[in-house]
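Listed below are the residues making up each chain.
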Amino acid sequence: MQIVTGHYGSGKTEYAVNLALKLAEERKDVTLADLDIVNPYFRSYEQTKVLEDAGVRVIVTSCGGAADIPALNPAVMSVFQQEKWTGVLDIGGDPIGARVLARFAPQLKPAEFDLLFVLNANRPETNTVETALQYMRGIEAECLQKVTGIVNNTHLCRETTPEEILKGARLAQDLSERTGLPIVHHAVERKFVADVANKLSEPILPMNIYMKKPWEIVFCEEE
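Residues numbered from 1 in each chain as written. Predicted model: local features only at pLDDT ≥ 70, side-chain atom pairs only at ≥ 80, totals over all residues. Heavy atoms only, no water.

Visitor: Any chance you could explain the nonpolar core here in plain terms?
Guide: What tends to happen in soluble globular proteins is that the nonpolar side chains get buried as a cluster. Residues Ile3 and Leu89 are the most contacted members of the largest nonpolar core, which totals 34 residues. Elements represented by at least two residues in this core include exactly strand S2 (30–35), helix H3 (77–81), strand S4 (86–91), strand S5 (114–119), helix H6 (129–143) and helix H7 (162–179). Ranked by residues supplied to this core, first place goes to H6 with 7 residues. Sequence-distant contacts of Leu89, defined by excluding residues within four places in its chain, comprise Met1, Gln2, Ile3, Val4, Ala33, Leu35, Val79, Phe80 and Leu101. Ranked by size, the runner-up nonpolar core spans 23 residues in total, among them Tyr15, Ala20, Leu205 and Met207. (Core = buried A, V, L, I, M, F, W, Y, C linked by side-chain atoms within 4.5 Å. Buried < 20%, exposed > 50% of the residue type's maximum accessible area, 1.4 Å probe, protein only. Helix = DSSP H or I, 4+ residues; strand = E, 2+ residues; numbered from the N terminus. Contact = heavy atoms within 4.5 Å.)

Visitor: How should the packing of aromatic side chains be read in this particular structure?
Guide: Between two aromatic rings, the relevant description is the distance of the centres plus the angle of the planes. Summed over the entire model, instances satisfying the criterion amount to 0 aromatic pairs. We note Arg57 situated over the ring of Trp85; from NZ or CZ to the ring centre the distance is 5.8 Å. (Phe/Tyr/Trp six-rings, centres within 6.5 Å; stacked < 30°, edge-to-face > 60°. Lys NZ or Arg CZ within 6 Å of the ring centre and 35° of its normal.)

Visitor: Would you mind showing me how to read the pairing of strand S8 (residues 204–207) here?
Guide: Consecutive side chains along a regular strand alternate between the two faces of the sheet. Only one face of S8 is covered, namely the one carrying Leu205 and Met207; the face carrying Ile204 and Pro206 has none of its residues buried. Looking at chain direction, strand S7 (residues 183–189) and S8 are connected through 4 bridges and run parallel. When the bridges of S8 are listed, Val188 appears paired with Pro206. (Pairing = 2+ DSSP bridges.)

Visitor: Sorry if this is basic, but what is going on with the layout of surface pockets here?
Guide: A probe matching the size of a water molecule, rolled over the atoms, marks out where space remains unfilled. There is about 300 Å³ of room inside the second largest pocket. Lining the second largest pocket are 13 residues, with Met1, Phe80, Glu83, Ala111 and Glu112 positioned closest to its centre. Mapped by element, the contributors of at least two residues to the lining of the second largest pocket are H3 and S4. Considering every element that reaches the lining of the second largest pocket, the biggest residue donor is H3, with 3 residues. Residue composition of the lining of the second largest pocket, grouped by class: 6 nonpolar, 5 polar and 2 charged. (1 Å grid on protein atoms, 1.4 Å probe; cavity = no way out; pocket = protein on both sides within 12 Å on 5 of 7 lines; lining within 4 Å. Points joined across faces, edges and corners; volume = space filled by probe spheres on them. Nonpolar A, V, L, I, M, F, W, Y, C, P; charged D, E, K, R; others polar.)

Visitor: For this particular structure, what's the right way to read the confidence of the model for the protein?
Guide: When pLDDT is low, close inspection of the predicted coordinates is not appropriate. Averaged over all residues, the pLDDT of the protein is 86; the fraction at 70 or higher stands at 86%. With pLDDT under 50 throughout, residues 63–67 is counted as low confidence; its partners more than four residues away or in other chains account for 5 contacts. For the stretch residues 217–223, pLDDT sits under 50, and the model shows 5 contacts to residues farther than four places along the chain or on other chains. (pLDDT = per-residue confidence, 0-100.)

Visitor: Would you mind showing me how to read the pattern of salt bridges here?
Guide: Pairing between side chains of opposite charge can happen when the charged atoms of each approach one another. Summed over the entire model, instances satisfying the criterion amount to 8 salt bridges. Linking Lys146 and Glu140 is a salt bridge whose minimum nitrogen-to-oxygen distance equals 3.9 Å. Here the residues in one salt-bridge network are Arg137, Glu140 and Lys146, joined through shared partners. (Salt bridge = Lys/Arg side-chain N within 4 Å of Asp/Glu carboxyl O.)

Visitor: Would you mind showing me how to read H7 here?
Guide: Count 3.6 residues to each turn of an α-helix, and residues three or four apart come out pointing the same way. Between its terminal C-alpha atoms H7 stretches 26 Å, which fits the 26 Å expected from 18 residues at 1.5 Å a residue. Taken together, the buried positions of H7 are occupied by Pro162, Glu164, Ile165, Leu166, Gly168, Ala169, Leu171, Ala172, Leu175 and Ser176. Buried positions along H7 lie against S5, H6, strand S6 (149–152), S7 and helix H8 (193–196). In the stretch just after H7, Gly180 is the one whose phi turns positive, near 80°. (Expected span 1.5 Å × (residues − 1).)

Visitor: Could you clarify how one ought to interpret unusual backbone geometry in this entry?
Guide: What is expected of a backbone is that most residues other than glycine have negative phi and most peptide bonds are trans. Despite not being glycine, Arg27 has its phi angle at roughly 65°, a positive value. Its location among the elements puts Arg27 in the loop between helix H1 (12–25) and S2.

Visitor: Sorry, what's going on with the packing of H6 against H7 here?
Guide: A pair of packed helices can be characterised by two numbers: the angle between their axes and the separation between those axes. Packing of H6 against H7 brings their axes to within 10 Å, and their N-to-C directions diverge by 60°. The pairing of H6 with H7 is recorded here as oblique in orientation. At the point where H6 passes H7, the crossing takes the right-handed sense. Contacts between H6 and H7 involve Val129, Glu130, Ala132, Leu133, Met136 and Arg137 on the former and, on the latter, Leu171, Asp174, Leu175, Arg178 and Thr179. (Axes fitted to C-alpha atoms, helices over the stretch in contact; angles between N-to-C directions. Parallel < 35°, antiparallel > 145°, perpendicular 65-115°, else oblique. Left-handed = near helix turned anticlockwise from the far one by under 90°.)

Visitor: Before we go on, may I ask you to explain the sheet that holds S5 in this structure?
Guide: In any sheet, the strands associate via hydrogen bonds between backbone groups, in a parallel or an antiparallel arrangement. In spatial order, the strands read S3-S2-S4-S1-S5-S6-S7-S8; together these 8 strands make up an open sheet with parallel pairing. With one partner strand each, in any of the chains shown, strand S3 (57–59) and S8 form the two edges of the open sheet. Direction aside, neighbouring strands of the sheet carry axes that sit 25° apart on average. Judged from the 3 bridges that link them, S6 and S7 form a sheet pairing that is parallel.

Structure, rendered in structure tokens:
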């Protein structure tokens, strides 16, 4: 099971969607549960069709996506009960949002899982190793679990450059050295993979961009 958290605006939902699709490509039975019920700006359930077309089962919270209110779908329990499924949990992007995971502490105790901290070096609250570590510890305290890995997902939306990705890699490395946690992935938009691949020693997860703001969708359609 892969549990994805990180600062609001870190791109954790984009990463969760791409991770679920990657696992599905590997012919695994994948369930993505959208547990982000606090400050839900981008929601993984918005990509339900893309995910289901790839064979990913999607569990939606907040009244089936009909309203952004803090309500959990009881079907989430199936992620812990069906061992054949690989679960991807997209939880809240701040310590308060991560609190939802604490209610599943009994189910997580016997389970094998990774709690992944998605890091964007361009977020003011996580742009130094000290602030990133403080933020990560706040999430751990609220969800009652320990982070097991770091994901560098440094970007500037449409203004992203290879240099920004490498800047994030340096911060992720500093955080890794401070905590002893591994860098699990560098989440890199596909068009930049060739530019950074020979400069990164950890695995790269090539990313398609699914989570777009309304004006970005219009802009892309005009292009």
